[in-house]
Amino acid sequence: MPETSTHPPGDPVIEARALTKRFSASVLAVDELSFVVERGQVCGMLGPNGAGKTTTLRMLVGLIQPTSGDARVLGGRVRPGLPELARVGTLIEGAAFVPHLRGLTNLRLWWESGGSPWEDAAVDAALAIAGLGDAVHRKVKTYSHGMRQRLGIARALLARPEALVLDEPTTGLDPQEIREVRRLVSRLAGEGVTILLSSHLLSEVEQTCTHLVVLDRGRLVSTGPTGALIGEADSSVYLEVDDRDAAERVLASIAGVGAVQREVGGLTVDIDGVARSEIVAALVHGGVGVQTVTARRRLEDAFLGLVGEEHAR
Amino acid sequence: MIALLRTECAKTVRRPRTYVALGFVMAIPVVVALALWANPPDPGDGDRFFRTATQTGLLFPAAMLRIMSRLVLVVVIGLFAGDAIAGEANTGNLRYMLVRPIGRGRLLAAKLLITVALLVIATITLTATATLAGGLAFGFEPISFQVFFVDQSVGNLLGHIGMATAYVSWTLAVVAAFGFMVSTMTDSPAAAAGAAVGLGVTCQILNEIESLGSIRDYLPLRYLDAWEGLFWSDRVPGDMYSGLVLPIPWILAFLAVGWWWFRRKDVLA
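Conventions adopted
Residues numbered from 1 in each chain as written. Chains lettered and ligands numbered in written order. Predicted model: local features only at pLDDT ≥ 70, side-chain atom pairs only at ≥ 80, totals over all residues. Helix = DSSP H or I, 4+ residues; strand = E, 2+ residues; numbered from the N terminus. Buried ≥ 20, exposed ≤ 12 C-beta atoms within 10 Å, placed from the backbone. Contact = placed C-beta atoms within 7 Å. Pairing = 2+ DSSP bridges. Axes fitted to C-alpha atoms, helices over the stretch in contact; angles between N-to-C directions. Parallel < 35°, antiparallel > 145°, perpendicular 65-115°, else oblique. Left-handed = near helix turned anticlockwise from the far one by under 90°.

**Q** Please provide a residue-by-residue account of the environment of Ala166(B), values included.
**A** Residue placement: Ala166(B) occurs in helix H9 (residues 154-185). For the pair formed by Ala166(B) and Ala81(B), sequence separation is 85 residues and the distance between their alpha carbons is 18 Å.

**Q** Outline the environment of Ser199(A), supporting the account with residue identities and numerical values.
**A** All names here are of chain A. Here Ser 199 is to be found in strand E8 (residues 194-199). Of the residues examined, Ser 199 has 22 C-beta atoms within 10 Å and is grouped as buried. On a C-alpha basis, the gap between Ser 199 and Glu 93 in space is 11 Å, while along the polypeptide they are 106 residues apart.

**Q** Account for the interface of chain A and chain B, naming residues and giving values.
**A** The interface of chain A with chain B comprises 25 residues on the first partner and 24 residues on the second. Looking at the side of chain A that touches chain B, the element that brings in the most residues is helix H3 (residues 103-113) of chain A, giving four residues.

**Q** So what about the sheet that holds strand E2 (residues 27-38) of chain A? Which residues, and what values?
**A** Residue and element names in this part refer to chain A. Across the sheet, four strands lie side by side as E2-E1-E4-E5; this open sheet has antiparallel pairing. In this open sheet, the two strands that pair with only one neighbour each are E2 and strand E5 (76-77). In terms of strand pairing, strand E4 (residues 68-73) meets E5 through two bridges, oriented antiparallel. Opposite Arg 72, over in E5, you have Arg 77 as the bridge partner.

**Q** Lay out the pairing of strand E12 (residues 257-262) of chain A in plain terms, naming residues and giving numbers.
**A** Every other side chain in a regular strand lies on the same face of the sheet, so the side chains alternate between the two faces. Residue and element names in this part refer to chain A. In this sheet, strand E13 (residues 267-271) lies alongside E12 in antiparallel orientation, the contact comprising four bridges. The partner of Val 260 across the bridge, within E13, is Val 269. Once E12 ends, the chain turns through four residues before running back antiparallel as E13.

**Q** How would you sum up the packing of helix H4 (residues 60-68) of chain B against H9(B)? Please name residues and give values.
**A** Residues and elements named next belong to chain B. Remark: H4 packs on H9, axes separated minimally by 10 Å, with the N-to-C direction vectors making an angle of 10 degrees. If you check the angle between H4 and H9, you find them roughly parallel. Crossing angle aside, the handedness with which H4 passes H9 is left-handed. Two secondary-structure elements touch here, H4 through Pro 61, Ala 62 and Leu 65 and H9 through Ile 161, Ala 164 and Val 168.

**Q** Please give an account of the pairing of strand E3 (residues 42-46) of chain A that cites residues and values.
**A** Residues and elements named next belong to chain A. The buried count for E3 comes to five of five residues, which makes it a mostly enclosed element. Two elements, E3 and E8, share five bridges in a ladder whose sense is parallel. In the sheet register, Gly 44 faces E8, and the bridge partner there is Leu 197. Alignment of E3 against strand E9 (residues 211-216), held across four bridges, turns out to be parallel. From the neighbouring strand, Met 45 faces E9, where its bridge partner is Val 213.

**Q** Explain the sheet that holds E3(A) to me, using residue names and the numbers behind them.
**A** Residue and element names in this part refer to chain A. Overall, mixed pairing links the six strands, which are arranged E6-E7-E8-E3-E9-E10 in an open sheet. Each end of this open sheet is capped by a strand with a single partner; those strands are strand E6 (88-91) and strand E10 (219-225). Taking the axes of each pair of neighbouring strands and ignoring which way they run, one obtains an average angle of 10 degrees across the sheet. Pairing analysis gives five bridges linking strand E7 (residues 163-167) to E8, with the strands arranged parallel.

Just geometry here; none of it tells us what the structure is for.
And the structure:
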């Protein structure tokens, strides 16, 4: 991406400033939401259904007018027709096309409607990613949901975008396709494309995103690097042992092991920098039987915890 | 804008429904011409145009325009206009057009031009088919009989057919403008088309109600049939002038509301 290399990292690419959308007196979809996605980040927008994710993304690409606040993309204040939007690839609430046209014709007419010659589009690269083969010459109305979604991703990539806004990009895809999308996101991120994607699948976000924005009922619950939000992936371990008291004594003697917390079935241990194998070896050496060792799935806890706290207020 | 118009044209031209609608408009005059040819009407009674249509094929398009402009053309034009924006919203493609990005005003302008083109094409298709079918069945003859009190040469008749075609297109542009306006407000092209047809039918019913008096003179389709005088007198009927002016405020009002609405609309489709 030659365009991106001219910008330093840390430059805000997508930004919400006190973004608010009120659909009616009783429906406040997005409430004073502020966050920044900086160049090169892969930011996951996480939240339960109805949290305001899609409304926010639609405001960021000029489809919905904010009641108050600002949406900014690539330095421009978002409004319908903002020229900078041409450098943002978009997939919102499922891909949609003109059903009576072939896949390739759809891409071409969409591209040319913006006034650019077809030769300027990254057609081959986009089609390689879509992986539709000869099906691009079929009418879109004959496509399966997965095929449409893949063609939609191809369309989003035609402009060699600097940023991607992807709303639930894997919805309706089969496991194989989900993995392909995940790889694609990682690859594009590696090329310097800034990505904002929404999801309600924690695992998806955990694996692909460097940063998170957690929403609940239109409000920002938390934002920051994924690691900081959920704890470093290997910083915590869950143990099931036959003698918890003995285990606690052994763990206390290992340098680098932090807080030990008792849970219903076992112990959660902060192990900053200590290898899991070392802990197991020490426990066994100390005469403690170890039944289970698992890395803690912290994101789910963090997510439910964050959203749960909000609900409790 | 040119690029957008070109791609919109390509979408319309490649759409099967465009041809189904126009094919329907072509089929009706052919079928009616065949029926009249096989079973000529009694010259003594019935509608003036149909009675005489068998004497020269050049009156047959007038007969067809008269019956088709009241409902069939209204439906076809309503379908085209209602589809303009709502059709894109219905498939979800609208959001992708807007993020291309295509400015909303530009998108409306392009869609409006396509709608106008389809409206004119539909009306021309009707009269051209009817002229051809009528001429082949009953000959391209001038009028030199007493029914319409004036003699009309072939050139005269063809000119009047052209004028009537343009006049009906212009009058029905109100229906198109209304369908277009509703199309910016709903995600259902059928609802927008239905609204347009509803307007056309309602106006014609209200026109029949004498007790509405002069209120009727301001209803959009008041002078829909005024062109008929072209064929039975040697002057342009005065109602045609009124009929040329009347649509202007209606069309401007409908388009202004549609433009205003679409510019500030939250696109949720």
